[in-house]
Amino acid sequence: MKRALFDLTGRTALVTGSSRGLGLAMAEGLAEAGAAVVLNGADAGRLASAAAALRAAGHTVHEARFDVTNEEEILATFADLDARGVEIDILVNNAGIQFRRPMVELDTADWRRVIETNLTSAFVIGREAAKRMIPRGRGKVINIGSLTSDAARATVAPYTVAKGGIKMLTRAMTAEWAAHGIQANAIGPGYMLTDMNTALVEHKAFNDWVVARTPARRWGKPGELVGTAVFLASAASDYVNGQIIYVDGGMLGVL
Ligand code: GCO
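Let me sum up the structure you'll find in this document.

1. Describing the environment of R132
Working step 1: Position of R132 relative to the elements: it lies in helix α4 (residues 108–133).
Working step 2: Residue classification places R132 among the partly exposed residues on the basis of a relative accessible area of 22%.
Working step 3: Considered as a pair, R132 and A233 are 101 residues apart in the sequence and their alpha carbons are 16 Å apart.
Working step 4: In terms of polar contacts, R132 uses its side chain to reach the side chain of D82, at 3.0 Å.
Working step 5: Separated by 2.7 Å, the side chain of R132 and the backbone oxygen of E128 make a polar contact.

In structure tokens form, the structure reads like this:
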């Protein structure tokens, strides 16, 4: 049977940082397109309730509690998935943190924590997934970038550097894995209504700046990443590689 272009039936997607926010929205969208999903979070309770909600909607859900900065936990998770015969066809490197502080006041430990969580984790988890995708001759890696993958904003330097790194990591993955049938791409969300941005939404001047600066004149909703995620996870993007697709209401492209 010829697989419909955007159909993910029979595929399994691991989405890191998916017990809430953008990650959960994308996991739900991939499930609605037919995929089984492996939800991930560091908090077992939050993970279990997110998984229960998706199961109640009729989706096939596995739970993978691990801290994306803990390599031992990552390797143990992949060994456990192997043992259970759960093949990861689609990886969404979404887990990330934000930390806002001018660089002259920024501790090196905070810098390292953001880089480890937002960039190094994508390399380590991507490496483990690719080791298993390459022998199968196919796979999808979707890295979650940001507007700051291409433009800086004051007070968020480590986040900006990590997200800039995500764009180039995506291209490095393409350089090494595309010939093995793996498509690695990125999504650059704009200003989305997530927990990470609550303080910004509640800050009137910042909120007004986002609304005025965004051609769509509004913040984005997590569900608005789903279409791009399904496209990059499906056969529809089999010749799309090393790209970053901005889902930002036009913010990055318009002065
Ligand atoms: C910030 C925000 C941004 C957004 C997003 C924009 O402090 O400016 O947290 O980083 O979350 O990444 O693309």
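2. Section: the pairing of strand β5 (residues 139–144)
Working step 1: Most of β5 sits out of view: six of its six residues are buried.
Working step 2: The alternating pattern of β5 places G139, V141 and N143 on one face and K140, I142 and I144 on the opposite face, and all of these are buried.
Working step 3: As paired strands, strand β4 (residues 90–93) and β5 are joined by four bridges and run parallel to one another. Counted as the bridge partner of N93 is N143 from β5.

3. A look at the site of the ligand
Working step 1: Inspection of the region around the ligand gives 13 residues, with R100, R153, Y159, P189 and Y191 positioned closest.
Working step 2: Between the ligand and L147, the relevant distance is 2.9 Å, taken from an oxygen atom to a main-chain nitrogen or oxygen of the residue.
Working step 3: Between the ligand and P189, the relevant distance is 2.7 Å, taken from an oxygen atom to a main-chain nitrogen or oxygen of the residue.
Working step 4: Taken by itself the ligand offers 330 Å² of open surface, and the protein chains cover 97% of this.
Working step 5: Here the residues of the shell around the ligand sort into seven nonpolar, four polar and two charged.

4. Description of the packing of aromatic side chains
Working step 1: All told, the structure shown has four aromatic pairs when counted by the stated rule.
Working step 2: Seen in terms of ring centroids, Y191 and W219 are 5.6 Å apart; in terms of plane orientation they differ by 85°. Their pairing is edge-to-face. With Y191 in the loop between β6 (182–189) and α6 (198–202) and W219 in the loop between α7 (204–213) and α8 (226–233), the pair connects residues that are 28 residues apart, well separated along the chain.
Working step 3: What makes Y191 buried here is its relative accessible area of 16%.
Working step 4: Joined through ring pairs, the aromatic side chains of Y191, F206, W209 and W219 make up one cluster.

5. Looking at the sheet that holds strand β1 (residues 12–15)
Working step 1: Read across the sheet, seven strands follow the order β3-β2-β1-β4-β5-β6-β7 without closing on themselves; strand pairing throughout is parallel. Looking along the sheet, the strands with just one partner apiece sit at the ends: β3 (61–65) and β7 (244–247). Direction aside, the axes of adjacent strands within the sheet are offset by 20° on average.
Working step 2: When β5 meets β6, the two strands line up parallel, connected through six bridges. Bridging from a neighbouring strand, K140 pairs with Q183 of β6.
Working step 3: Sitting on the sheet, α4 is in contact with β1, β4, β5 and β6, with an inclination near 175° to β4.

6. Remarks on unusual backbone geometry
Working step 1: The backbone phi angle of T155 is positive, close to 85°, even though this residue is not glycine.
Working step 2: Relative to the assigned elements, T155 resides in the loop between β5 and α5 (157–177).
Working step 3: One non-glycine residue, R217, lies in positive phi territory at about 60°.
Working step 4: Mapped onto the secondary structure, R217 falls in the loop between α7 and α8.

7. Some thoughts on the packing of helix α1 (residues 21–32) against α8
Working step 1: Between α1 and α8, whose axes approach to 9 Å, the crossing angle comes to 55°. The angle between α1 and α8 places the two elements in the oblique class. Here α1 and α8 pass one another in a crossing that is right-handed. For the pair formed by α1 and α8, the contact residues are A25, M26, G29 and L30 on the first element and V226, A229, V230 and A233 on the second.
Working step 2: When the residues that make up the contact of α1 with α8 are grouped by side-chain class, the tally is seven nonpolar, one polar and no charged.

Parameters and conventions
- Note that residues are indexed from 1 along each chain, following the sequence as it is written.
- The model is predicted, so local features are restricted to residues of pLDDT at least 70 and side-chain atom pairs to those at 80 or more, both for listing and for counting; the totals for chains, interfaces and linings are taken over all residues.
- Values shown for side chains rest on all heavy atoms present in the structure; no hydrogens or waters enter the calculation.
- Secondary structure elements follow DSSP: runs of H or I of four or more residues count as helices, runs of E of two or more count as strands, with numbering from the N terminus.
- Only protein chains enter the accessibility calculation, which uses a 1.4 Å probe. A residue is then buried if its area is under 20% of the maximum for its type, exposed if over 50%, and partly exposed in between.
- Polar contact is defined as a pair of N or O atoms within 3.5 Å, subject to the rule that within protein one atom must be able to donate a hydrogen and the other to accept it, and that residues adjacent in sequence are counted only when both atoms are side-chain atoms.
- Two strands are said to pair when DSSP picks up at least two bridges between them.
- Neighbouring residues are identified by heavy atoms, a residue being near a molecule or strand if any of them is within 4 Å of it.
- What sets the accessible areas is the Shrake-Rupley method with a 1.4 Å probe; for residues, cover comes only from the shown protein chains.
- Any residue outside Ala, Val, Leu, Ile, Met, Phe, Trp, Tyr, Cys, Pro, Asp, Glu, Lys and Arg is labelled polar, Gly included; the first ten of those are nonpolar and the last four are charged.
- Ring pairs shown here join Phe, Tyr and Trp side chains whose ring centres sit within 6.5 Å, with only the six-membered ring taken for Trp; geometry is labelled stacked below 30 degrees between planes, edge-to-face above 60, and tilted in between.
- Each axis is a line fitted through C-alpha atoms, taken for helices only over the stretch in contact, and angles between the N-to-C directions span 0 to 180 degrees.
- In what follows, residue pairs with any heavy atoms lying within 4.5 Å of each other are defined as contacts.
- Working rule for angles: under 35 degrees goes down as roughly parallel, over 145 as roughly antiparallel, 65 to 115 as roughly perpendicular, anything else as oblique.
- Crossings are assigned a handedness: left-handed for a near helix turned anticlockwise from the far helix by less than a right angle, right-handed for a clockwise turn.

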